[in-house]
Every structure is written in C-alpha cells, then in structure tokens.
Amino acid sequence: LFKLLILNIVDGNNSMRKTCERAQTDMAYRWFLGLDAFDSIPNYSTWSQNYIRRYKDSNIFNEIFDEILSQAIKKKFVDVETVFGDGTHQKANANTKKNHKEQVEIVAKQYEDALLKEINEDRECIGKKPIESTVKTETVYNEETGEIKEVTKTKEITVSETDPESGLFHKGEKQKCFAYAHQTFCDKNGFVLTVKTFPGNVHDSVAFFDTYKELNERFPNQIKNVSLDAGYKSPAICREIIENGQKAFLPYTRIKGKKGYLKKYEFVYDEEYDFYICPNDKTLYYTTTNKEGYREYKSEVKDCENCPFKSRCTKSAVKLITRHVWEDYQEQVNELRYTEEWQKIYPLRKQSIERVFADYKEKFSMRFTRINGLKKNQHQTLIAFACHNLKRMALWSW
C-alpha cells in the first residue's frame, strides 16, 4: 500500500485510481510492488480505507520520513552544517465562497515570557509599573454583576465551512484562497531535514519556532548556520538563532518610513549612553518600554520648535523613535552581510530550498491538496518529502 502511495507521488499522478490502473499493465510498477504478472492489484479505495482504519493516528509517516533521511545520512549525502528554511503554501480543498466569520482569542507567542521579563526589567529601572502580559487585553464592564475585569482581546478570522482547519491566505497579487503552509528546512544538497504543516493564515515568522525546535532536536549541536529569507527577519528569530549558538544569514532590509521624511537610520544610536542623536545634533532620551517590547526615545519640545528639519522629521511636538529590546541581535545579523561567508552561503537558498519547493509542486503535483484536515495534510507532506529524499538519494547513489 505504501509502495503504491510512493509511486503515486513520484510520478505526480495525484490520483490513486490512475496509479492502480497503470499498475495493472506496467511491469516496472509490478516489480517495485513485488507482484508478478498474474497477481491482482489492490482497488484504488483500499488505500483510503486502510488510512482511515489503521494509519490516521499512527506515527508511520514520520517513521518512513526518518528512515529514508537516516539512509541518506549514512551514505554521507546530507550536510547539516548549513540549513536553509522557508515556507510554501498549498491550496486547500475548500471553496472560498463557503465560509463564515469567527472571533478567536489572540494567542501568546512562544517567546512572550522571555520578552515580558526583559520589558519589566527595563520598566523597573525607571520606576514604572510592571506589565502582567504582552498579549493585548481590554477592560470589560459586566452590567449585571457590576464587575470590571481584564479580558484577552480577540480578532476576527475567516473560517472555511468545507475545511475548517485550513487558513485564508492572501499575499500581494495572489488570489485569495484557503491554504496550508509547510515550514521546511533542507541542507545545501537539497535533502529535506524536517517539515511541519500549519494553517495558511499563520505567518512564516510565527510558524518558524516549532519547526526550528524540532530541527535542533533532530540534529543536536550539528547545525552552525541558518539561512532564511526576509520574511523571518524579526528580533525574536534573530535572538533565537544567536542564543542557540548559530549564525543567521538573512538579507538586509532597509527600514521603511513615510515618503519625504527622515529615516530611522539617519538618527545615530549611542550604545554606551543609550540615546539617539538626530541630524540636528539634538538628543532623544529613553522614556519607557511599551507592551510590544519597544523602547521609546523622545526629543524635548524646545529642541524641535525651531528645528530646520522638523518639516521632514515629524508632525508632532516631539520626535519619537522606537527600538526593540532585542534589536541588538538583529543588528548582529545585519553585520554578517559584509562577510565572505554571507556571500557564499545566502545565494545557495535559490538552488536548495527554493528548488525543493519547485520540485514539490511541479514534479509531484502538490500545488493543491485533495484531502481535508491538518493532520492528513501533514502526513501527505511528510510522505511527499520522503519521496523527494528517496528520489534524490537514488540518483546520487547511481
């Protein structure tokens, strides 16, 4: 049954019915399945029924993926010194017109506790009250009981009625659709090291942490460099990689701002005294740290009143600049782009992880999925990337 599934994926049929029909007359298929010319081929519905009754709650898909990857490692085809990560979206089997709106609580991110600790340390130094949670809350008054309490803020999301576990995905000029996102890491040779599936409305920078943790558990103390694209460039991700003793190779993205106004990089930051100096040689002093983890630096009213740059600086009475408490980590990552190591490693992304996704969608016909549910799609992705590794290992062995 699993050999039929492998044939189905490697040949890009995307239909078990077609695979079973071809196996009736194709001797190469029969040889791979271990059947002779007179043995009967299972019915196309046999796989789906066996999945429902035997495999949907098992760990067999992870075991197959791990076994093939371990064989590639034994043959010394896999090099985990440098890993390349990215996410791709796969269109879900869901009609965009059949949906409804739901209110869901804003869930705290994995690094919220560490961030909250640093925020409160900053606030304590200047005599400010500590913040109980970085998750956005609001005050609600209950008219019946007369109680006032803090509750977590909610956000409205669009939920599919066909496949509720998928997420509404919309990026740039792409068509709005329900989709699943696959966070993937591979080595420089294109062997997939780990993959994790999420709803399509989960951003890459949020889905990164679970996949990255799983990757390091699989290859402890072996990974030295991590290369990602601009979508992962956040202070939290830079901190996570550097604190793990690894180097992060990301593209440089210039800080954006209002057109015609002074940019943040035109203000000089003094690390020793912790203040900013504006183009008019005036000082912006630290005032507080907000819930989002940004330190606020403000100028004085008298310095901004007659400033020749005010029309291009701010419309307010004072200038405000924010700096994340973990921005030092992001600056360390930015400095790596001047090194020869960055120039050698980062360009490999397009021929490693990007090619993996191209093969996944084009050769294995995985641009969309025919199955519903997060777990089923995770299983399908694991077996598809297991086939990718198997095919690559066979070609390299030859």
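Everything quoted here is computed from the prediction, not taken from an experiment.

K.L.:
I'm lost on the environment of Asp79 in this one. Help?
P.N.:
Within the secondary structure, Asp79 is located in the loop between α5 (60-74) and β1 (82-91). Put simply, Asp79 and Asp204 are 125 residues apart on the chain and 24 Å apart in space, counted from C-alpha to C-alpha. The contact partners of Asp79, leaving out residues within four places of it in the chain, are Asp187, Lys188 and Asn189. Of the polar contacts made by the side chain of Asp79, one reaches the side chain of Lys188; its length is 3.4 Å.

K.L.:
Help me understand the sheet that holds strand β15 (residues 320-324) in this model?
P.N.:
Picture the strands of a sheet paired through backbone hydrogen bonds; they go either parallel or antiparallel. In space, the five strands of this open sheet follow the order β11-β12-β13-β14-β15, with antiparallel pairing throughout. A strand with exactly one partner marks an edge of an open sheet, and here the two such strands are β11 (268-270) and β15. Ignoring strand direction, the axes of neighbouring strands in this sheet form an average angle of 35 degrees. Note: strand β12 (residues 275-277) against strand β13 (residues 283-289), three bridges, orientation antiparallel. Note on β13: the bridge partner recorded for Tyr276 is Leu284.

K.L.:
Sorry, what's going on with the pattern of salt bridges here?
P.N.:
In this structure the tally under the stated criterion is 17 salt bridges. When the shortest N-O distance is used, the salt bridge between Lys247 and Glu341 registers 3.0 Å. Residue Lys247 is found in strand β10 (residues 247-249), and its partner Glu341 is found in helix α11 (residues 340-345); the two are separated by 94 residues along the sequence. For Lys264, the salt bridge identified is with Glu327, shortest N-O distance 3.2 Å. Residue Lys264 is found in the loop between β10 and β11, and its partner Glu327 is found in helix α10 (residues 327-335); the two are separated by 63 residues along the sequence.

K.L.:
Would you mind going over unusual backbone geometry with me for this structure?
P.N.:
Negative phi characterises most residues that are not glycine, and trans characterises most peptide bonds. A positive phi angle, near 65 degrees, is found at Lys76, a position not held by glycine. Mapped onto the fold, Lys76 is located in the loop between α5 and β1. On the basis of relative accessibility, which here comes to 73%, the residue Lys76 falls in the exposed class. Backbone geometry at Ser365 places phi at a positive 55 degrees, although glycine is not the residue there. Mapped onto the elements of the fold, Ser365 is located in the loop between α12 (353-362) and α13 (374-397). Classification of Ser365 as partly exposed rests on a relative accessible area of 23%.

K.L.:
Just checking my understanding: could you explain the confidence of the model for the protein chain for this structure?
P.N.:
Interpreting fine coordinate detail is not advised for predicted regions of low pLDDT. In the predicted model, the protein chain carries a mean pLDDT of 91, and the fraction of residues at 70 or more is 95%. Across the protein chain, the element-wise mean pLDDT spans from 62 in strand β3 (residues 137-141) up to 97 in strand β9 (residues 225-227).

Definitions and cut-offs
Residues numbered from 1 in each chain as written. Predicted model: local features only at pLDDT ≥ 70, side-chain atom pairs only at ≥ 80, totals over all residues. Heavy atoms only, no water. Helix = DSSP H or I, 4+ residues; strand = E, 2+ residues; numbered from the N terminus. Contact = heavy atoms within 4.5 Å. Polar contact = N/O pair within 3.5 Å; in protein donor to acceptor, adjacent residues only side chain to side chain. Pairing = 2+ DSSP bridges. Axes fitted to C-alpha atoms, helices over the stretch in contact; angles between N-to-C directions. Salt bridge = Lys/Arg side-chain N within 4 Å of Asp/Glu carboxyl O. Buried < 20%, exposed > 50% of the residue type's maximum accessible area, 1.4 Å probe, protein only. pLDDT = per-residue confidence, 0-100.

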